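# Coordinate analysis (summary)
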Amino acid sequence: MGDDYPTLFRSEQMSLRQFLIPTEVAHDAVAELGELGNVQFKDLNPAVNPFQRSFVGEIRRTEEMARRVRFFESQIQKEKDVVPIRSLYDSSPLVTVGPSAAHNIDELDVTLAEHETRLVQMNDSYKTLSERTRELVEARHVLRETAVFFEKAEIQQTDIRTSFDDSSAPLLQHDDGNNNTHPLFVAGTIDRTRISTFERVLWRVLRGNLYMNHTDITEPFVDPATGTETRKNVFIIFAHGDALLAKIRKVAESMGATLYPIDANADKRSDSLRETVLYNTGLNRRSELLRIGENLARWQDVVRKEKAIYETMNLFNYDVRRKTLVAEGWEESGTSVVPIVQELRTNKTPPTFTRTNKFTEGFQTIMDAYGIATYQEVNPGLFAIVTFPFLFAVMFGDIGHGLIIFFAALYMISQEKKWARQELDDAHAVSNLMVVCTRSSANSSMVDIFLLMGVFSVYTGLMYNDIFSKSLHIWHSGWDFPEPGSNGASYAVSNGHMYPFGVDPAWHGADNGLVFTNSYKMKMSIVLGVIHMTFALCLQLPNHIKFKRPLDIYANFIPQMIFLQSIFGYLVVCILYKWSIDWSTRDTEPPSLLNMLIAMILSPGKVDATSQLYRGQGFIQVVLLLLAMVCVPWMLCMKPYFQWKERQMIQGQGYAALGHRNGGPRESTDEVLEGEEEGNGRAIVEEMEEDMYEQHDFSEVVIHQIIHTIEFCLGLSGIFGMIALVMVVVFWFSATVFILCIMEGLSAFLHALRLHWVEANSKHYQGEGYLFTPLSFAKLDEKE
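To keep things clear, this report deals only with the structure shown in the data block.

## With respect to the sheet that holds strand 4 (residues 211–216)
Strand order across the open sheet formed by 4 strands is 4-7-3-8, with antiparallel pairing between neighbours. Each edge of the sheet is formed by a strand with only one pairing partner; in this case those strands are strand 4 and strand 8 (258–260). Across this sheet, the average inter-strand angle for adjacent strands is 25 degrees, counted without regard to direction. As defined by bridge partners, strand 4 adjoins strand 7 (residues 232–238) across 6 bridges and the pair is classed as antiparallel. Paired with His 214 across the strands is Phe 235, a residue of strand 7. Helix 4 (residues 195–205) rests against strand 3 (185–191), strand 4 and strand 7 of the sheet, and its axis sits at about 175 degrees to strand 4. Docked against the sheet, helix 5 (residues 242–254) engages strand 3, strand 7 and strand 8, running at close to 10 degrees with respect to strand 3.

The following block contains the structure:
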């Protein structure tokens, strides 16, 4: 495939470009680039403090406007009744480019400030009036309940204890026309959770010299500031003497109670009750919020874009000679934008931009979680489209469970648009549009992974002949079970048939069926694991060819491949050869391949005749073991030695690297000098400064090669761990199908993830890149 054709095999080719933008049109030019969304700008002022840059004043202004917009949005969300917000696409556009852009932004700033002032004033008034309304409502309940109490007291007047002894006067004085003394009491409201504590404290403070009555208020009280509900009780307390009443008031106020002056005269209480009026104070505030909701979406869009524009312009440098702004940024090769653009020559590593679609995005996300691919490195996400669901299915392997996952994924795909519309309808603001779309896109990409996992699980379930732990008799079995003998045992007899696909169902009912399936799956896992690692190791080759690293081919790829195939490749060949032999016609028992591999390392050249797999086995194993042993020093020493020789040869010829500390003249070609004159000098100077710190010592090269060799040799031990993991996944974890699909599916998913990250990517994947993050207005909501 051509290098210029978009593909998932490698990331897209990037170019470092320089933009010469006149100051007068800088704002409009950056706005246009933000709409295109294909340039990632570099910071040309890394040493300048963010608060000392050119456009810090404009950024502060836009941040203040953004604060006001967020304040409006929070007020709309707190409103009890839903405030409709006009969609961005239904709103009239606010022009922010061209000659009238500055005037429109100034008007927007003034408009936001006016709305904020009015809304703050209304909030304060609403809070004050709400508190007053709450007090009036509480007073109404107090009046109502005390009136009920006094009416009961008048009806039961004959039952009240009477006494003319001043030291034992009743709390409710008897009705005497000549007596002008009125009963002394305190009335008010208190939080319902404190009523019992309030009652006990008063009893202890007054030593029982009181009469208290309280009742619940059915209506909750809502705090206008926080919106929390509070339940309260009305209380009335009778005591004798001003001193006791003063104590009651102090205790009540200390516990957060609200006291109300209630007259003992029935006529005055009735007048007060008629004067209690509830105020409706939210109409003007809601009208203001409705006006804000008409324009909130476009305000959010404008403020967000303006902030991104000025933050990007702060990355630019001002060219005094040309009186223009100079910008540098990465852009996909083959595209260009105006006003003035020229491509810069650089040795810096460009960002990684991998073009994905709805189907491949999920697999690419899994690989990016391990590490972003280095620029133009082979992308393992392309091959994970097949290998990830297949390795998952090898461990999951059930027709029934695979069909459950498959149909569940089909259902989610069929409901994808409907759920996306519901999420969009539930959003209170258009600012949530991109978040909803992004979330729906991520969910749909994962659904595609589940769909393939279900399909591959059905396939491997057919191979295992397993559906909910039951076997399928699709074709004629190759074994017959005669009548059991005297000992009750029945031995299967071959009937000459061959089961065409998968495991013969006769094994599911056999006593040694578990031994057979475990041995079969363990050997198959070894075969698949070695094939997977061999394929991953082969991906080194296109990387070395692409980046012109022939030394890595001879010093890393070839010895690693020989080492892998000398031990584990040989084991795979022995497994396949053992499967191809009819051992019923042999005089010897089939040898244990695990013991064969151990004996190959511990006692090379010695093979027991009773466990010999083929002729000349001892000699071949010795040769393979010697090859594996030679590969270790080969990987360890060859690359550092040749790099050392190359370094000595260059220094012996009197050459030094660019920016070498020993000084000396710098040789430059005509193209480089011309680039410096046209403004490319900054990129060249930055490369010189970076290269000064990238002069590695020979010891660092040796240490790196030692670590790489140890990592490769020890990483191959993971295949034994993979065998153990497959054995664990084979067993049932529970009696219910749904628990199996979740628990076993999650286990198989994580093991497949480990096989890709640890066993495969470690063989070829550098993952030292960084993502291509261009200035794009469409992705501003996603960043927030």
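## Re the pairing of strand 10 (residues 324–332)
In terms of burial, strand 10 is a largely internal element, 9 of the 9 residues being buried. By the alternation rule, side chains of strand 10 split into Thr 324, Val 326, Glu 328, Trp 330 and Glu 332 and Leu 325, Ala 327, Gly 329 and Glu 331, which are all buried. Pairing of strand 2 (residues 39–41) with strand 10, which is carried by 3 bridges, proceeds in the antiparallel orientation. Its bridge partner being in strand 10, Val 39 is matched across the sheet by Glu 331. Here 3 bridges tie strand 9 (residues 317–319) to strand 10, and the two strands are oriented antiparallel to one another. Along strand 10, the bridge assignment pairs Asn 317 with Val 326. Connecting the antiparallel pair strand 9 and strand 10 is a turn made up of 4 residues, with Lys 323 showing a positive phi of about 60 degrees.

## Description of the layout of surface pockets
A volume near 1400 Å³ is recorded for the second largest pocket. Forming the walls of the second largest pocket are 33 residues, and the residues nearest its centre are Trp 479, Asp 504, Trp 507, Asn 512 and Phe 516. Secondary-structure elements contributing two or more residues to the lining of the second largest pocket are helix 13 (513–538) and helix 15 (550–579). Of all the elements, helix 13 adds the most residues to the lining of the second largest pocket, at 5 residues. Its residues assigned to classes, the lining of the second largest pocket comprises 18 nonpolar, 10 polar and 5 charged.

## Considering the nonpolar core
Nonpolar side chains in soluble globular proteins generally cluster together in the buried interior. Core analysis: the largest hydrophobic core is formed by 29 residues, its most contacted members being Tyr 570 and Leu 593. Secondary structure elements with two or more residues in this core: helix 13, helix 15, helix 16 (593–602) and helix 17 (617–652). When residues of this core are assigned to their parent elements, the largest contribution, 12 residues, is made by helix 15. When residues no more than four places from it in sequence are discounted, the contact partners of Tyr 570 are Gln 565, Met 596, Met 600, Tyr 614, Gln 617, Ile 620, Gln 621 and Leu 624. Ranked by size, the runner-up nonpolar core spans 21 residues in total, among them Phe 19, Ile 21, Ile 309 and Leu 325.

## Brief notes about the pattern of salt bridges
This model, assessed by the stated rule, comprises 22 salt bridges. Across the pair Arg 53 and Asp 43 runs a salt bridge whose closest N-O atoms are separated by 3.0 Å. Of this pair, Arg 53 sits in the loop between strand 2 and helix 2 (56–78) while Asp 43 sits in the loop between strand 2 and helix 2, placing them 10 residues apart in sequence. Using a relative accessible area of 13% as the deciding quantity, one classes Arg 53 as buried. In this structure Asp 43 comes out as partly exposed when scored by relative accessible area, which is 32%. A salt bridge links Arg 67 to Glu 64; the nearest nitrogen and oxygen atoms lie 2.6 Å apart. Taken together, the residues Arg 67 and Glu 64, both in helix 2 and 3 residues apart, mark about one turn of the helix. Beyond isolated ion pairs, a larger network of salt bridges with shared partners links Arg 61, Glu 64, Arg 67, Arg 68, Asp 106, Asp 109 and Glu 116.

Cut-offs used in this document
- Residues numbered from 1 in each chain as written.
- Predicted model: local features only at pLDDT ≥ 70, side-chain atom pairs only at ≥ 80, totals over all residues.
- Heavy atoms only, no water.
- Pairing = 2+ DSSP bridges.
- Helix = DSSP H or I, 4+ residues; strand = E, 2+ residues; numbered from the N terminus.
- Axes fitted to C-alpha atoms, helices over the stretch in contact; angles between N-to-C directions.
- Contact = heavy atoms within 4.5 Å.
- Buried < 20%, exposed > 50% of the residue type's maximum accessible area, 1.4 Å probe, protein only.
- 1 Å grid on protein atoms, 1.4 Å probe; cavity = no way out; pocket = protein on both sides within 12 Å on 5 of 7 lines; lining within 4 Å.
- Points joined across faces, edges and corners; volume = space filled by probe spheres on them.
- Nonpolar A, V, L, I, M, F, W, Y, C, P; charged D, E, K, R; others polar.
- Core = buried A, V, L, I, M, F, W, Y, C linked by side-chain atoms within 4.5 Å.
- Salt bridge = Lys/Arg side-chain N within 4 Å of Asp/Glu carboxyl O.

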